[in-house]
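So you can see what is in the structure, the chains are spelled out below.
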Amino acid sequence: MVKAYVDEQNQTVFLCPNCGFQKKFDASPFKDKKKTLNVKCKCGISTEMEIEFRKQFRKKVELFGTCLIKKTQKRCEMIVRDISFSGIGLELLHIYKKHIADIEVGDIIEVDFKLDNKKEDQIRKRCIVRSKRENHIGAQFDDENFSKQLGFYLI
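Here is what the cut-offs are and how they apply
- Position numbers for residues count from 1 along each chain, tracking the sequence in the order it is written.
- Restriction of local features to residues with pLDDT of at least 70 applies here, the model being predicted, together with a cutoff of 80 or more for giving and counting side-chain atom pairs; totals for whole chains, interfaces and linings are based on all residues.
- In computing side-chain values, all of the structure's heavy atoms are included and hydrogens and water are not.
- Ring pairs shown here join Phe, Tyr and Trp side chains whose ring centres sit within 6.5 Å, with only the six-membered ring taken for Trp; geometry is labelled stacked below 30 degrees between planes, edge-to-face above 60, and tilted in between.
- We call a charge positioned above a ring when the Lys NZ or Arg CZ atom is no farther than 6 Å from the ring centre and deviates by at most 35 degrees from the ring normal.
- Only protein chains enter the area calculation, which uses a 1.4 Å probe; residues under 20% of their type maximum are buried, those over 50% are exposed, and those in between are partly exposed.
- Strands here mean DSSP runs of E at least two residues long; helices mean DSSP runs of H or I at least four residues long; both are numbered from the N terminus.
- Criterion used throughout: strands pair if DSSP finds at least two bridges between them.
- Simply put, an axis is a line fit to the C-alpha atoms, just over the touching stretch for a helix, and the angle between two N-to-C directions goes from 0 to 180 degrees.

A. Region of interest: the packing of aromatic side chains. Taken as a whole and judged by the stated rule, the model has zero aromatic pairs. Sitting above the plane of the Tyr-153 ring, Lys-59 keeps its charged end 3.9 Å from the centroid. Positioned above the aromatic ring of Phe-141 is the side chain of Lys-125, whose terminal nitrogen or guanidinium carbon lies 5.2 Å from the ring centre.

B. Broad picture of the pairing of strand β4 (residues 36-40). Side chains of β4 alternate between two faces, with Leu-37 and Val-39 buried and Thr-36, Asn-38 and Lys-40 left unburied. The pairing of β4 with strand β5 (residues 46-52) spans five bridges and is classified as antiparallel. Across the sheet, Val-39 pairs through a bridge with Thr-47, a residue of β5. The turn joining β4 and β5, which pair antiparallel and follow one another in sequence, is formed by five residues; a positive phi near 100° is taken by Gly-44.

C. Seen up close, the sheet that holds strand β11 (residues 136-141). Taken in spatial order, the six strands of this closed barrel run β6-β7-β8-β11-β10-β9, and their pairing is antiparallel. Across this sheet, the average inter-strand angle for adjacent strands is 45°, counted without regard to direction. In this sheet, β11 lies alongside strand β10 (residues 122-133) in antiparallel orientation, the contact comprising six bridges. Paired with Cys-127 across the strands is Phe-141, a residue of β11.

D. Examining the sheet that holds strand β1 (residues 2-5) more closely. Within the open sheet, the three strands sit side by side as β1-β5-β4. Their pairing is mixed. At either end of the open sheet lies a strand with only one pairing partner, and these are β1 and β4. Across the sheet, the mean angle from the axis of one strand to that of its neighbour is 35°, orientation sign disregarded.

This is how it looks when you write it as structure tokens:
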């Protein structure tokens, strides 16, 4: 699969992995829709292409920690599945899935987890829930300041 990032003008480039052909196009019709396309190049090869609208790189991880749902004061165990400078994607552990119904977009949660680096740096952040799909929660860090530890971890 080919991954293509979208710029500020919603433009992206398809690059054929077979022949190297490049085609720039407007990705805005795909912004709120399916992000994976099957593109057929002029060389005849079909390629799966993922369009990435995110502004920042997300690192895939598996970090265990806790999530405090502020409005109910329920603390749940979680797994952070991806992390960036601006937020995280997380899942509540199986026994806490019933609490997913307590969480709505716009809610405040507090997350606490250790990075899997040599120092096992502790990250505690207040977040705003931005998306919720089944058991997956997307949350944006509530402050503009990211920790030095998180910065070193992501680069």
